[in-house]
Amino acid sequence: MKQPVSIQKPEGKLGILLPGMGAVATTFVAGCLMARKGLGDPVGSLTQMGTIRLGKRTDGKSPAIKDFVPLYGLDQLAFGGWDIFPENAYDTARHAEVLSKDHCDSVKDELSAIQAMPGVFYPEYVKRLNGTHIKKGKTKREMAEQVEADIKTFMKTNGCSRAVAVWCGSTEIYIEPTHAVHQSLAAFEKGLDDNDPMISNSQIYAYACLRQGVPYANGAPNLTVDFPAMWELARERQMPISGKDFKTGQTLMKTILAPGLKARLLGLRGWFSTNILGNRDGEVLDDPESFKSKEVSKLGVLEHILQPEINKALYGNLYHKVRIEYYPPRGDAKEGWDNLDIFGWLGYPMQIKVDFLCRDSILAAPIVLDLALFMDLAARAGFHGTQEWLSFYYKSPMHAPNLYPEHDLFIQSMKLKNTLRWMMGQELITHLGNEYYD
Ligand SMILES: NC(=O)c1ccc[n+]([C@@H]2O[C@H](COP(=O)([O-])OP(=O)(O)OC[C@H]3O[C@@H](n4cnc5c(N)ncnc54)[C@H](O)[C@@H]3O)[C@@H](O)[C@H]2O)c1
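## Re the overall build of the protein chain
So, point 1. Within the protein chain one finds 16 helices and 11 strands.
So, point 2. Radius of gyration (C-alpha) of the protein chain: 22 Å, near the 22 Å computed for a compact globule of 438 residues.
So, point 3. Referenced to the eigenvectors of the C-alpha coordinate spread, the extents of the protein chain come out at roughly 65 × 50 × 50 Å.
So, point 4. By residue count, 47% of the 438 residues in the protein chain fall in the buried class.
So, point 5. In the protein chain, the proportion of contacts linking residues at least 24 apart, taken out of those at least 6 apart, comes to 77%.

Laid out in C-alpha cells, this is it:
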C-alpha cells in the first residue's frame, strides 16, 4: 500500500450491499436507521463513537475518528442486498427477534422498503437451507452477470455514487483454496463457464462486485476472496478486499484474554469453548460441513497469539477445543462458555471460567458498519488488495501469503489506528514516551 497523496471526498450516496440479509444484516440496517433518527446509539462502532489520539499525550488532541478521516455519514447510506428468501428487511428483522417490535416499528417504513434481490444459490454450499427466491441461469458466469446487473440497477435507482459489499450470508461448506480454479483469474473465469464445483455462491457475488468496482468484505469464514484468482481480480480492478468471519462473541473474548495471559507469561494447558445458539446461523452451523469452516476459523486464533513453537514450556502442550451446539430456545441470544486450565509459578494449576451471555447480531452490527465505511475509505485512498489493517474485525484475518495473521486485539487496534494516522499524514504513535522524561 502506498501512502495516499489525496483521498477522494465522500460525496453523494454510498450503497451498502449485503449478500445475505438475515439477522446480522437487518439488525445492522435497522440500527443505522434508528441512529440516524436519534433513536439509539451505534454502540460498538469505532467509526461512530471512537476517538483517535494525535500527537503527544500532553497535546490533549483526541478527535472523533469520523471527524479525522473523511467517511460517509449515516445519512448518506443506502441499503440493499440479496437473499434466497423473499421477505423484506422489516419482516426478516421481526422474524429474527433480535430487536424488539418497538424498535423494528420505529423504522418500519424504511425497513419494509428494502426488498432483498433474488440470490445466487446452489444449495450444495449451504445444505440446511432451501431457498426459494433465487436466480436462474445455465452457468455460474450467467449468475455473476445477473448480480452485476443488480448492482448497476441498485446504484441507479438509489442515486449512489459508490458502493461497498459486506457478506452477511450463511456460512458455506469448507473449501480449500488449493484447486486449479482458484489459482488464477483466467482459470476462475473458465470455471464460471464450466460450473466448476469449487466455485461457491459467495465467490460469485465477490467476483461480480469486484468487477463492478465494489470493495468486498467477507463476514463469514467461507473461502470467498482469499485465494490467488480473487487477489488478481482485486489488483486488476484496484479494489480492496478483506475477511474472514466477523470477530464477535467468544473469539472476541479469546483475543482479549489470551494476549493478557501471554503478556504475563501464564501457562495454558487447555482451553475448551462451547456455545449454544438457536438462530438460523446456528441451524446452518449444525451441518458438519459448514461447521468445519467455522471451526477452522475459530481454532487458528490461539496458536497465532500464543506462538507455542517459541513458547514451548507455557503453550507447547495446549489442548484447544471449540464446539457449537444448535439449541433453538435461545434464538440469537447465544451463551458462550469457556474453561481455561492455566498454570503459574512452579506450574501450579488454576482455572478461569467465562460465561458470556451475548447477543450475536448486536455484536456483529457495528462491525458491518465499520467495515463498510473503512473499506470504502480504503478504496477512495487508492488502497487495493487485502486490507490487513482491518484484522481487528475478523476471526481469521486475511494476510499476505508469506505472513502469519495478527490475532491479538490490542495489536490489531494499534495497527488500525496507526493506519488511519498514516493515511492522514500524522505521526505514528509508538507508545515509547521517553520524551516526557527528558
Ligand atoms: N452474528 C455473529 O456474531 C456472527 C459472527 C461471525 C460471523 N457471522 C456470520 O455472519 C453470517 C450471517 O449471520 P446471521 O446470524 O445473520 O445468519 P442468518 O442465517 O440470520 O442470515 C444469513 C442469511 O443469508 C442468506 N443466504 C444464504 N445463502 C445465501 C446466498 N447464496 N445468497 C443470498 N443470501 C443467502 C440466508 O437466507 C439468511 O437470510 C453467517 O455466516 C455467520 O456465520 C455472524
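## A look at the environment of N218
So, point 1. Considering the arrangement of structural elements, one finds N218 in strand β5 (residues 216-218).
So, point 2. Judged by the 30 C-beta atoms lying within 10 Å of it, N218 falls in the buried class.
So, point 3. Discounting residues that sit within four places of it in the chain, N218 has contacts with W167, T224, V225, G243 and K244.

## A look at the sheet that holds strand β6 (residues 240-242)
So, point 1. In spatial order, the strands read β3-β2-β1-β4-β5-β6-β11; together these 7 strands make up an open sheet with parallel pairing. Bordering the open sheet on either side are β3 (117-118) and β11 (385-386), each of which pairs with just one other strand.
So, point 2. Sheet topology places strand β1 (residues 13-19) next to strand β2 (residues 77-83); 6 bridges connect them, and they run parallel. Of the residues in β2, the one forming a bridge with G15 is A78.
So, point 3. Taken strand by strand, helix α15 (residues 360-380) contacts β1, β4 (160-167), β5 and β6, and its axis lies near 130° from that of β4.

## Regarding the domain arrangement of the protein chain
So, point 1. Structurally, the protein chain comprises domain 1 (13-246 + 362-423) and domain 2 (250-357).
So, point 2. Each of domain 1 and domain 2 has a C-alpha centre, and the two are 26 Å apart.
So, point 3. Each partner contributes to the interface: domain 1 provides 26 residues, whereas domain 2 provides 26 residues.
So, point 4. Tallied by class, residues from the side of domain 1 that touches domain 2 come to 12 nonpolar, 6 polar and 8 charged.

## Side note on the site of the ligand
So, point 1. With respect to spatial proximity, 36 residues lie near the ligand, and among them G20, G22, G119, A220 and R280 are the closest.
So, point 2. Secondary structure elements with two or more residues in the shell around the ligand: α1 (23-36), β2, α12 (280-285) and α15.
So, point 3. Per-element tally for the shell around the ligand: the top contributor is α15, with 4 residues.
So, point 4. Counting only domains with at least three residues in the shell around the ligand, you end up with domain 1 (13-246 + 362-423) and domain 2 (250-357).

## A word on the pairing of β1
So, point 1. Burial of β1 is extensive: 6 of the 7 residues sit out of reach of the surface.
So, point 2. Note that β1 and β4 share 5 bridges and pair parallel. Paired with K13 across the two strands is C160, which belongs to β4.

## Considerations on the sheet that holds strand β10 (residues 349-357)
So, point 1. A sheet is described by the order of its strands in space; here 4 strands give the open sequence β8-β7-β9-β10, paired in mixed fashion. Each edge of the open sheet is held by one strand with a lone partner, namely β8 (319-326) and β10. The mean inter-strand angle of the sheet, taken between neighbouring strand axes irrespective of direction, is 10°.
So, point 2. Inspection of the sheet shows strand β7 (residues 267-277) paired to strand β9 (residues 335-343) by 9 bridges, in the antiparallel sense. Residue W271 lies in a different strand from β9, and its bridge partner there is L340.

## Describing the environment of A229
So, point 1. By the secondary structure assignment, A229 is in helix α10 (residues 228-237).
So, point 2. Distance from A229 to V181, taken between C-alpha atoms, is 7.9 Å for residues 48 residues apart in sequence.
So, point 3. With sequence-adjacent residues up to four places away left out, A229 is seen in contact with H182, Q183, S184, L185, A187 and F188.

Conventions and cut-offs
Within each chain, residues carry numbers counting from 1 in the order of the written sequence. Only residues with pLDDT of 70 or above have their local features reported here, since the model is predicted, and side-chain atom pairs are shown and tallied only from 80 upward, although totals for entire chains, interfaces and linings are computed over all residues. Put simply, DSSP H or I for four residues or longer makes a helix, DSSP E for two residues or longer makes a strand, and each gets a number counted from the N terminus. Here the globule rule reads 2.2 Å times residues to the power 0.38, and the radius of gyration is calculated from C-alpha atoms. Here the C-beta atoms are placed from the backbone, and a residue counts as buried if at least 20 other C-beta atoms lie within 10 Å of its own, exposed if 12 or fewer do, and partly exposed otherwise. C-beta atoms are placed from the backbone for every residue, and two residues are taken to be in contact when these atoms lie within 7 Å. Two strands qualify as a pair provided DSSP detects at least 2 bridges between them. The convention used is that axes are lines fitted to C-alpha atoms, helices contributing only their stretch in contact, and that angles between N-to-C directions extend from 0 to 180 degrees. Start and end points for every domain follow an automatic or database-based domain assignment. Polar here means any residue other than Ala, Val, Leu, Ile, Met, Phe, Trp, Tyr, Cys and Pro, which are nonpolar, and Asp, Glu, Lys and Arg, which are charged; Gly is therefore polar. As a rule, any residue with its backbone-derived C-beta atom within 6 Å of a molecule or strand is reported as near that molecule or strand.

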